[in-house]
Amino acid sequence: MPHGPHQTVFPAPAPEWTQFLEAVRYQGVYPTRERAEEAARLVLAGLGRQLGGEGRVALAARLPAEAARLLVREIPATTPLTGQELVAELAAHNGAPLATTRWDTGSVLTVVAGLAGPDLLDDLLDQLPPGHALLFGRAELSQPA
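Conventions used here
Residues numbered from 1 in each chain as written. Predicted model: local features only at pLDDT ≥ 70, side-chain atom pairs only at ≥ 80, totals over all residues. Heavy atoms only, no water. Salt bridge = Lys/Arg side-chain N within 4 Å of Asp/Glu carboxyl O. Helix = DSSP H or I, 4+ residues; strand = E, 2+ residues; numbered from the N terminus. Core = buried A, V, L, I, M, F, W, Y, C linked by side-chain atoms within 4.5 Å. Buried < 20%, exposed > 50% of the residue type's maximum accessible area, 1.4 Å probe, protein only. Contact = heavy atoms within 4.5 Å. Phe/Tyr/Trp six-rings, centres within 6.5 Å; stacked < 30°, edge-to-face > 60°. Axes fitted to C-alpha atoms, helices over the stretch in contact; angles between N-to-C directions. Parallel < 35°, antiparallel > 145°, perpendicular 65-115°, else oblique. Left-handed = near helix turned anticlockwise from the far one by under 90°. Nonpolar A, V, L, I, M, F, W, Y, C, P; charged D, E, K, R; others polar.

Draft legend 1. Fine view of the pattern of salt bridges. Applying the stated rule across the entire model yields eleven salt bridges. A salt bridge links Arg 25 to Glu 22; the nearest nitrogen and oxygen atoms lie 3.9 Å apart. Of this pair, Arg 25 and Glu 22 both sit in helix H1 (residues 17-28), three residues apart, roughly one helical turn. In this structure, a network of salt bridges that share partners links the residues Glu 37, Arg 41, Glu 66 and Arg 69.

Draft legend 2. Structural detail: the nonpolar core. If you look at the biggest cluster of nonpolar residues, it comprises 38 residues, and the most contacted ones within it are Phe 20, Leu 44, Leu 59, Val 108, Val 112 and Phe 136. Here the element with the most residues in this core is helix H2 (residues 33-50); it accounts for seven residues. If we ignore the near neighbours within four places in the chain, the residues touching Val 112 are Phe 20, Leu 44, Leu 47, Leu 59, Leu 63 and Phe 136.

Draft legend 3. Representation of the packing of aromatic side chains. With the rule as written, the count across this model stands at one aromatic pair. Between Trp 17 and Phe 20 the ring centres are 5.6 Å apart and the planes differ by 15 degrees, which places this aromatic pair in the stacked class. Here Trp 17 pairs with Phe 20, and both are found in helix H1, just three residues apart, close to one helical turn. Taken individually, Trp 17 and Phe 20 each receive the classification buried, so the pair is uniform in this respect.

Draft legend 4. Structural view of the side chain of Glu 74. By secondary structure assignment, the location of Glu 74 is in the loop between helix H4 (65-72) and helix H5 (83-94). With relative accessibility at 18%, the residue Glu 74 sits in the buried group. Setting aside its immediate chain neighbours within four residues, Glu 74 contacts Ala 45, Gly 48, Arg 49 and Arg 56.

Draft legend 5. Here's a closer look at the packing of helix H3 (residues 53-62) against helix H7 (residues 118-127). Look at H3 against H7: their axes get within 10 Å of each other, and the N-to-C directions meet at 140 degrees. In terms of their interaxial angle, H3 and H7 are classed as oblique. Pair H3 / H7 crosses with left-handed handedness. Contacts from Gly 55, Arg 56, Ala 58, Leu 59 and Arg 62 of H3 reach H7 at Leu 120, Leu 124 and Gln 127. A breakdown of the residues in the contact of H3 with H7 according to their chemical character gives four nonpolar, two polar and two charged.

Draft legend 6. Examining unusual backbone geometry more closely. With phi around 55 degrees, Val 29 is a residue other than glycine that occupies positive phi space. Tracing the chain through its elements places Val 29 in the loop between H1 and H2. The exposed category is assigned to Val 29, whose relative accessible area is 64%.

Put into structure tokens, the structure is as follows:
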């Protein structure tokens, strides 16, 4: 059905937390939903410390309620970390190897990227220091000098 000039188009409702976790489980090839949830909680909290402003609010609106709470309950850092620094911080917090944490971060953020959509993801990546695009499953493009 076409949308008329006076109709408001709302984004599709955010998936439920269990669906989100199943998507993370599939993306990360985790053996259990509990392992996917552990990764999701760690990474969403870390992302919440990196984002602020309208982008953070817009992303939270597209996530399941539990994921949105994890994202927005964190206080944004005054200076966001590069992608590599974020992975290192999460690894130190979780006591896990860097390679495992990099896998977890990419698995969760790839699902988040799908829910965010390309336009919002572009806006979020513009807010973040270098190195985050790869974590969201995108090529890291550099600007010409």
